[in-house]
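These are the residues of each chain, in order.
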Amino acid sequence: WLGALRFDNLALRSLPVDASEEGGPRTVSGACFARVRPTPLQNPRLVAMSLPALALLGLEAPAADPAAAEAEAALFFSGNRVLAGAEPAAHCYCGHQFGSFAGQLGDGAAMYLGEVLGPRGERWEIQLKGAGITPFSRQADGRKVLRSSIREFLCSEAMFHLGIPTTRAGTCVTSDSKVVRDVFYDGNPKNERCTVVLRIASTFIRFGSFEIFKPPDEYTGRKGPSVNRNDIRIQMLDYVISTFYPEIQEAYSDNTIQRNAAFFREITKRTARLVAEWQCVGFCHGVLNTDNMSIVGLTIDYGPFGFMDRYDPEHVCNGSDNTGRYAYNKQPEICKWNLGKLAEALVPELPLEISQLILEEEYDAEFEKHYLQKMRKKLGLIQLELEEDSKLVSELLETMHLTAGDFTNIFYLLSSFSVDIDPSKFEDFLEELTRQCASVEELKIVFKPQMDPRQLSMMLMLAQSNPQLFALIGTKANINKELERIEQFSKLQQLTADDLLSRNKRHWKEWLEKYRVRLQKEIESVVNADAWNTERVKVMNSNNPKYILRNYIAQNAIEAAENGDFSEVRNVLKLLEHPFQEAEDSQEVKEDAEEEGATATAAVCSQETKSRQPYCSKPPLWASELCVT
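Note that the coordinates shown come from a computational prediction; the quantities given were computed from them, not determined experimentally.

## Considerations on the overall build of the protein
A count of helical and extended segments in the protein gives 22 helices and 13 strands. Relative to the globule expectation of 25 Å for 629 residues, the C-alpha radius of gyration of the protein, 25 Å, shows essentially globular dimensions. Across its three principal axes, the protein shows a C-alpha extent of roughly 75 × 65 × 60 Å. Within the protein, buried positions represent 55% of all 629 residues. Residue pairs in contact within the protein that sit at least 24 positions apart in sequence constitute 74% of those at least 6 positions apart. Element-wise, carbon and sulfur atoms account for 50% of the exposed surface of the protein, whose accessible area totals about 27,200 Å².

Encoded structure:
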C-alpha cells in the first residue's frame, strides 16, 4: 500500500546536512539537518488514520485488505521500518521560549522522513513525531506518549476541517514500549506507551530555524550553533522563498532586499490572519515560542493547546504557563513579538529598519481586518460593513464574559435568532442561550481560591517589604488574580440559581436588542429579506462550528485508548471531519466507525463512569479538574 509513495527530498539537497554520524545529543554547527535513524518500538499497532490527510500523499482507502494496510502503516509509521526513498533527518533550530533565548533546540522527538509528491505534483514533507533520540533530544528520550499523541493527531485534523491553516496528521501508532513520565511534575511518575504521529505539511521550517545564527544573547548568554554563517542564512532564504513563495521569487528575482522584504511582509500577514482565525474559534496554542511558529503561516506543534469552553479573555490553556504569557487575549501581541524576533534573525539579508516598518504597517491592520471579517460572518452580517460592528462584537464578548457563556455554543445558537422573532419563541431562545452559561456550581469551581490564606498573607507582606525577593517567587498579576477569586467566591456564596438566571437573561436581552437593530439595518439594505435570511443562516452555520475538540472529549478518547479501545479516537476523528454539520449523535458516528471495523474488545473504561454527553455539550463538572501541561 505504501509502495506508491514517491519521494523527492528537495530540502536535503538544498540545505546543508551535518556530515557527522555521531549519535546522541550534541551541538550541530554549520548545518540545517542531521541524519538520524528511528528507534524501533515493540509491537506497534495503529490507533487511527486520517484518510483525508493521507490522500494528500496519494494514498487512497485500502479497499482490498484494510487489516494488511493498517499493519503496514503501523510498521512504517512507527519507524520500525524505513520507506524506500525516505532519508530520516532531524532539523536544527533555536528559539525564544517564554521570552528568553534558549539556544539550540531542534527536532528532539521529530524526524523528517522526506518529501512525498502528491497526485497533483504538490510536495509534502512527512515527519514521525516520537520516533526516538536525535542530536537535539537534550536530556530527553525522543519519545511521545499516547495521550499527547492522540491530542496532536485529533487537533491537527480538527483545525484543518475548521478551515484553519495547520500541519496535518496522517496516522497515530502506539506500542508496548514504555517510557516514564511525570505528567504534572509533582513527583508521581508513571509508565506510558510510546506512540508516534505521522505529521504532514508543506514544510516544518519555523521562525526559530533562522535563529541558529544568533550571536550570544545579552540576557541568557546563549547563542545559536551557526553564528557568523550568513552563507547558510542566504541558502535558507533562497530555499524558503523559491520553494514556498515562488510568486515572490519571480517578481523580485533581480533584487534580493526587495524579495526578502516581500517575503517578510507576506509571512507577517499570514501570521496575523492565522491568529485572527484562532481567536474566532477560541483556540489557544499554549506554547507560542518562536520555534513553534511556522515560516509558511500554519498552526504547528500541538502540545498543551486548548479550545476555550467558558469565555474568558485571560484563559490560559497551559498548566505550566504560570505567568499567563500565552493567554488567549495575548496571542495576537505574542505572535507580533515573535515576528519581531524573526526580523532580527534575517539581518543583514533584510535590514531591521525595513522589517520593523513592515511589521508596524501590516500586522495590526491585517489582524483587525481579518478578525472583523470573520466575526461579521459568525454574526451573519453579510450585507453591510459598518463602523459600529467592532463595538457590537466587543459587547457580545463582554456579555459572554459577564455570563460565563460557552464560546462555541453561543455563537452556534445565534443563527436561530431573527429580527421578527415572536415573544414566546424569544423566551425559549433566551432560555436556551442562558443554558450555555455557567451555573452557580460551575462558577464556584472556577473562582475557588487556589492559595492557602497564610501563603497569600505572606506574599502580600513580602510584596510590600521586599519587592526584589517577591519578584523571584511571584507576580503582582497572580496575587491580584487570587484576590479577585476570593472576592468572587465570597459573592457566589450568597448567589442563588434564580438570581444568576435573572441576571444572565438581563445581560443577554440588552445585547440581543443591539444585535436586532444591527440585523434590521441589513434587512433595510436588501430587496429580498427571505433570501438574505437564508444566506445569513447558511454563512453563520459554515463559520460557527457545532463540534470542537474540547479537552473532555479528548480525555474520554485518551482514557479509552489507554485501556486498549481505539474506537473512541476514531469516532471523534470522524466527528471532527464535519465540525459544522448538524448531524450527530454519538450513535450515528459510532455506527459509521463500526462499519469500518473500528470496534475493539476493551476493558470497561471511564466512558461508563463519566456518563456520555452529546459531543456538542459544554463540559461536565469533572472536566474543570483537567490540567494540560
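What follows picks up the thread again.
## Quick notes on the pattern of salt bridges
Enumeration over the complete set of coordinates arrives at 46 salt bridges. When the shortest N-O distance is used, the salt bridge between arginine 485 and glutamate 482 registers 2.8 Å. With arginine 485 and glutamate 482 both in helix α16 (residues 476-492) and 3 residues apart, this pair spans about one turn of that helix. Classification of glutamate 482 as buried rests on a relative accessible area of 1%. One salt bridge in this structure joins lysine 491 and glutamate 487, with 3.4 Å as the shortest N-O distance. Pair noted here: lysine 491 and glutamate 487 are both in helix α16, with a separation of 4 residues, about one helical turn.

## Thoughts on the pairing of strand β7 (residues 110-117)
Burial within β7 is extensive, with 8 of its 8 residues counted as buried. With 7 bridges connecting them, β7 and strand β8 (residues 123-129) associate as antiparallel partners. Paired with valine 116 across the strands is tryptophan 124, a residue of β8. Where β7 folds back onto β8 in an antiparallel hairpin, the turn is made up of 5 residues, including glycine 121, whose phi is positive at roughly 85°.

## Re the packing of aromatic side chains
In the structure shown here, the tally under the stated rule is 19 aromatic pairs. Aromatic side chains tyrosine 302 and phenylalanine 305 sit 5.8 Å apart centroid to centroid with 90° between the ring planes, which places their arrangement in the edge-to-face category. By relative accessible area, tyrosine 302 is classed as buried at 3%. Relative to phenylalanine 411, the ring of phenylalanine 407 lies with its centre 5.1 Å away and its plane at 70°, an arrangement referred to as edge-to-face. One end of the pair is phenylalanine 407 and the other is phenylalanine 411, both in helix α11 (residues 407-413) and 4 residues apart, which spans about a single turn. The class of phenylalanine 407 is buried, set by a relative accessible area of 1%. Since its relative accessible area comes to 1%, phenylalanine 411 is described here as buried. Put simply, the rings of Phe417, Phe426, Phe429, Trp508, Trp511 and Tyr515 touch in pairs and so form one group of aromatic residues. The positively charged end of arginine 206 is found above the aromatic ring belonging to tyrosine 93, 4.5 Å away from the centroid. Between the NZ or CZ atom of lysine 378 and the centre of the ring of phenylalanine 411, over which it lies, the distance is 4.4 Å.

## A few points about the packing of helix α10 (residues 389-402) against helix α17 (residues 497-524)
Two numbers describe how α10 lies on α17: the axes approach to 10 Å, and their chain directions differ by 165°. Relative to α17, the element α10 is oriented roughly antiparallel. Pair α10 / α17 crosses with left-handed handedness. Between α10 and α17, the contacting residues are Asp389, Leu392, Glu395, Leu396, Thr399, Met400 and Leu402 on the first element and Asn504, His507, Trp508, Trp511, Lys514, Tyr515 and Arg518 on the second. Tallied by class, the residues present in the contact of α10 with α17 amount to 7 nonpolar, 3 polar and 4 charged.

## A word on a negative patch on the surface
On the surface, Asp420, Asp422, Glu427 and Asp428 cluster together into a patch of negative charge. Relative accessible area serves as the criterion here: at 53%, aspartate 428 is assigned to the exposed category.

## So, unusual backbone geometry
A cis geometry characterises the amide bond from valine 347 onward to proline 348, with omega recorded as 5°. Of note in the backbone geometry, aspartate 301 takes a positive phi value of approximately 65° without being a glycine. Looking at the secondary structure, you find aspartate 301 in the loop between β12 (283-284) and β13 (306-307). Residue classification places aspartate 301 among the buried positions, given a relative accessible area of 12%.

## Quick notes on the domain arrangement of the protein
As assigned here, the protein comprises domain 1 (2-249) and domain 2 (394-525). Each of domain 1 and domain 2 has a C-alpha centre, and these two points are 40 Å apart.

## Digging into the environment of arginine 310
Within the secondary structure, arginine 310 is located in the loop between β13 and α8 (331-346). A relative accessible area of 27% means that arginine 310 is categorised as partly exposed. Placed 122 residues apart in sequence, arginine 310 and asparagine 188 show a C-alpha to C-alpha distance of 30 Å. With near-sequence residues (within four places) excluded, arginine 310 lies in contact with Ala404, Gly405, Asp406, Ala438 and Val446.

## Focus: the side chain of aspartate 217
Its place among the elements puts aspartate 217 in the loop between β11 (190-201) and α5 (230-244). Here lysine 214 takes part through its side chain, which lies 3.4 Å from a polar atom of the side chain of aspartate 217.

How each quantity is defined
- Residues numbered from 1 in each chain as written.
- Predicted model: local features only at pLDDT ≥ 70, side-chain atom pairs only at ≥ 80, totals over all residues.
- Heavy atoms only, no water.
- Helix = DSSP H or I, 4+ residues; strand = E, 2+ residues; numbered from the N terminus.
- Rg over C-alpha atoms; globule rule 2.2 N^0.38 Å.
- Buried < 20%, exposed > 50% of the residue type's maximum accessible area, 1.4 Å probe, protein only.
- Contact = heavy atoms within 4.5 Å.
- Areas by Shrake-Rupley, 256 points an atom, 1.4 Å probe, with all protein chains shown as cover.
- Salt bridge = Lys/Arg side-chain N within 4 Å of Asp/Glu carboxyl O.
- Pairing = 2+ DSSP bridges.
- Phe/Tyr/Trp six-rings, centres within 6.5 Å; stacked < 30°, edge-to-face > 60°.
- Lys NZ or Arg CZ within 6 Å of the ring centre and 35° of its normal.
- Axes fitted to C-alpha atoms, helices over the stretch in contact; angles between N-to-C directions.
- Parallel < 35°, antiparallel > 145°, perpendicular 65-115°, else oblique.
- Left-handed = near helix turned anticlockwise from the far one by under 90°.
- Nonpolar A, V, L, I, M, F, W, Y, C, P; charged D, E, K, R; others polar.
- Patch = residues over 30% accessible without salt bridge, like charges linked within 9 Å, V, L, I, M, F, W, Y side chains within 5 Å.
- Lys, Arg positive; Asp, Glu negative; His and termini not counted.
- Charge placed at Lys NZ, Arg CZ, Asp CG, Glu CD.
- Domains from an automatic or database assignment.
- Polar contact = N/O pair within 3.5 Å; in protein donor to acceptor, adjacent residues only side chain to side chain.

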